[in-house]
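A closer look at the structure
Each chain, written out:
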Amino acid sequence: MVLDDLGTSLRSSLDKLQGKSRLSESDVEEIVKEIQRSLLSADVDVSLVMELSDSIKSRALEEEPPGGTTAKDHVLKIVYEEMVELVGDSTELPLENQTILLAGLQGSGKTTSAAKMAWWFSKKGLRPAVIQTDTFRPGAYDQAKQMCERAEVEFYGDPDADDPVQIARDGLEATEDSDVHIVDTAGRHALEDDLIAEIEEIESAVDPDRSLLVLDAAIGQGAKEQARQFEASIGIEGVMITKLDGTAKGGGALTAVNETDSSIAFLGAGETVQDIERFEPSGFISRLLGMGDLKQLSERVERAMQETQEEDDDWDPEDMLKGEFTLKDMKRQMDAMNKMGPLDQVMDMIPGLGGGMMDELPDDAMDVTQDRMRRFERIMDSMTEAELENPRVVGQSRVERIARGSGTDEETVQQLLEQHSMMEETIGQFQGMGEGDMQRMMKKMGGEGGGGLGDMMGGGKGPF
């Protein structure tokens, strides 16, 4: 994910304070220089870097750490607070009737972002509609229509029209019953005068409640000028940063937000309509520094479990703590996990498992894990109903049949059965527990020892 390199670099810098109880001026000087290098390498603007590092330096030297706090934790807290201050508040987006205008250069991801935002609003109980006004880019209408179908939201466009302003007017009228109107505009390869003139006309016609600038995370230092011109033209109330699943540095996009004197509204990572999250500065920086983001994690878990239950009315997750844990239950868990998004993103949200632990894993660890989960799913698709309900009936002859049917091998089938047995045993230990007992068990599972998450991530017997 974008900014992963920045997070790794910052964590590496802070690790140099490990074991120290007090900070000398030379310690602070060294750590500030490391932080400056990390931010500049991530394409953050020089003036912002100097402003941030000066604040960190003065606070680290002047503030007395609370009793029992290590030097590393003291500086980590300061870096966290100063970086939250740097990225600013989240854009205000009330859950009410509104019109949103999207602006940005061609290739920034506006069309995909429009559908993602509509999907997000629909999950909040509102009825959104996307209005596609891009008559410049071939395929814009078809792409927008397909994305909105996937998001299951209303769409308006006219592939035969050539006046984007009239399309915007007609679209608002055709979708007047919708609560939220998201107007997608045309982009260009550069900030040409005709692009600015066109978007100003559309802005005048639709009179949006807020205009959002869509920025590719790879924009770099060029984001400053782009942000400045759009701000002068239509006024920017918020920014959506896209393609955060790539390898771009991302600092330029953060710089652009500062340039417009606005804030970040959404983050986009991935190609599906579900790959969007509301920007929360504290959680974003917390993940960057390896501290997790339980709020975002809980939202994803709740949404994933709800969607899984909607697809399978007979399944209630709490039933696993009452009766037997079957392969069907395991498959539903994996389905829900897939709905939470890429595994590395989910891991980053878990305190103690993201950040530093992720730095120590091989680069392809998440890909290997996802691949193993997909093979397990194919195996379970090749099993009979009786085998899914009672894995104990799967003997050697059935293992051979299942391996052939799923296009895998017998060893992988055995690994699935062993993984199910481990999970069944673990869930059995939760049955009948009180809340305090359960918290102690979770702590034990998260630590060292057999069957813990560290074991499973290492690729031993489990897929996770």
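Residues numbered from 1 in each chain as written. Predicted model: local features only at pLDDT ≥ 70, side-chain atom pairs only at ≥ 80, totals over all residues. Heavy atoms only, no water.

1. Examining the nonpolar core
The biggest cluster of nonpolar side chains holds 54 residues, and the ones touching the most others in it are Val79, Phe230 and Ile241. With seven residues, the top contributor of residues to this core is helix H4 (residues 71-87). Counting residues in hydrophobic clusters, the runner-up holds 27 residues, among them Trp120, Leu126, Cys148 and Phe155. (Core = buried A, V, L, I, M, F, W, Y, C linked by side-chain atoms within 4.5 Å. Buried < 20%, exposed > 50% of the residue type's maximum accessible area, 1.4 Å probe, protein only. Helix = DSSP H or I, 4+ residues; strand = E, 2+ residues; numbered from the N terminus.)

2. What to know about the packing of helix H2 (residues 25-41) against helix H3 (residues 46-62)
The contact between H2 and H3 brings their axes to 10 Å, and the two run at 155°. In terms of axis orientation, H2 runs roughly antiparallel to H3. Remark: the crossing between H2 and H3 carries right-handed chirality. Contacts between H2 and H3 pair Glu25, Val28, Glu29, Val32, Ile35, Gln36, Leu39 and Leu40 from the former with Val46, Val49, Met50, Leu52, Ser53, Ile56, Lys57, Ala60 and Leu61 from the latter. Here the residues of the contact of H2 with H3 are counted per class, giving 12 nonpolar, two polar and three charged. (Axes fitted to C-alpha atoms, helices over the stretch in contact; angles between N-to-C directions. Parallel < 35°, antiparallel > 145°, perpendicular 65-115°, else oblique. Left-handed = near helix turned anticlockwise from the far one by under 90°. Contact = heavy atoms within 4.5 Å. Nonpolar A, V, L, I, M, F, W, Y, C, P; charged D, E, K, R; others polar.)

3. A look at unusual backbone geometry
Notably, Glu152 is not glycine yet its phi reads approximately 60°, a positive angle. By the secondary structure assignment, Glu152 is in the loop between helix H6 (140-151) and strand E3 (154-156). Taking relative accessible area as the criterion, Glu152 reaches 73% and is therefore assigned exposed. Backbone geometry at Asp207 places phi at a positive 50°, although glycine is not the residue there. Within the element layout of this structure, Asp207 appears in the loop between helix H8 (193-206) and strand E5 (210-216). Among the residues examined, Asp207 registers a relative accessible area of 59% and is labelled exposed.

4. Here's the deal with the sheet that holds strand E2 (residues 128-132)
What holds strands together in a sheet is hydrogen bonding between their backbones, with the strands either parallel or antiparallel. The strand order E3-E2-E4-E1-E5-E6-E7-E8 describes an open sheet built from eight strands, whose pairing is mixed. Looking at which strands have only one partner, the edges of the open sheet turn out to be E3 and strand E8 (276-278). Averaged over all pairs of adjacent strands, the angle between their axes in this sheet comes to 25°, without regard to strand direction. Pairing of E5 with strand E6 (residues 238-242) involves five bridges; the strand directions are parallel. Note on E6: the bridge partner recorded for Asp216 is Thr242. Helix-sheet contacts for helix H5 (residues 110-123) involve strand E1 (98-103), E2, strand E4 (180-184), E5, E6, strand E7 (264-268) and E8, and the interaxial angle to E4 is about 175°. Where H8 meets the sheet, its contacts fall on E1 and E4, and the angle it forms with E1 comes to roughly 180°. (Pairing = 2+ DSSP bridges.)

5. Quick notes on the pattern of salt bridges
Scanning the model with the defined rule gives 18 salt bridges in all. One salt bridge connects Arg59 with Glu81, and the closest N-O pair in it is separated by 2.5 Å. With Arg59 in helix H3 and Glu81 in helix H4, this residue pair connects regions lying 22 residues apart in the sequence. Owing to a relative accessible area of 16%, Arg59 belongs among the buried residues under this scheme. The partly exposed category is assigned to Glu81, whose relative accessible area is 28%. Between Asp329 and Arg332 there is a salt bridge, with the nearest N and O atoms lying 3.5 Å from each other. Linking Asp329 with Arg332, this pair stays in helix H13 (residues 327-339), spanning three residues, or about one helical turn. Each member of the pair Asp329 and Arg332 is classed as buried. One network of salt bridges, in which partners are shared, links Arg59, Glu63, Lys77, Glu81 and Glu82. (Salt bridge = Lys/Arg side-chain N within 4 Å of Asp/Glu carboxyl O.)

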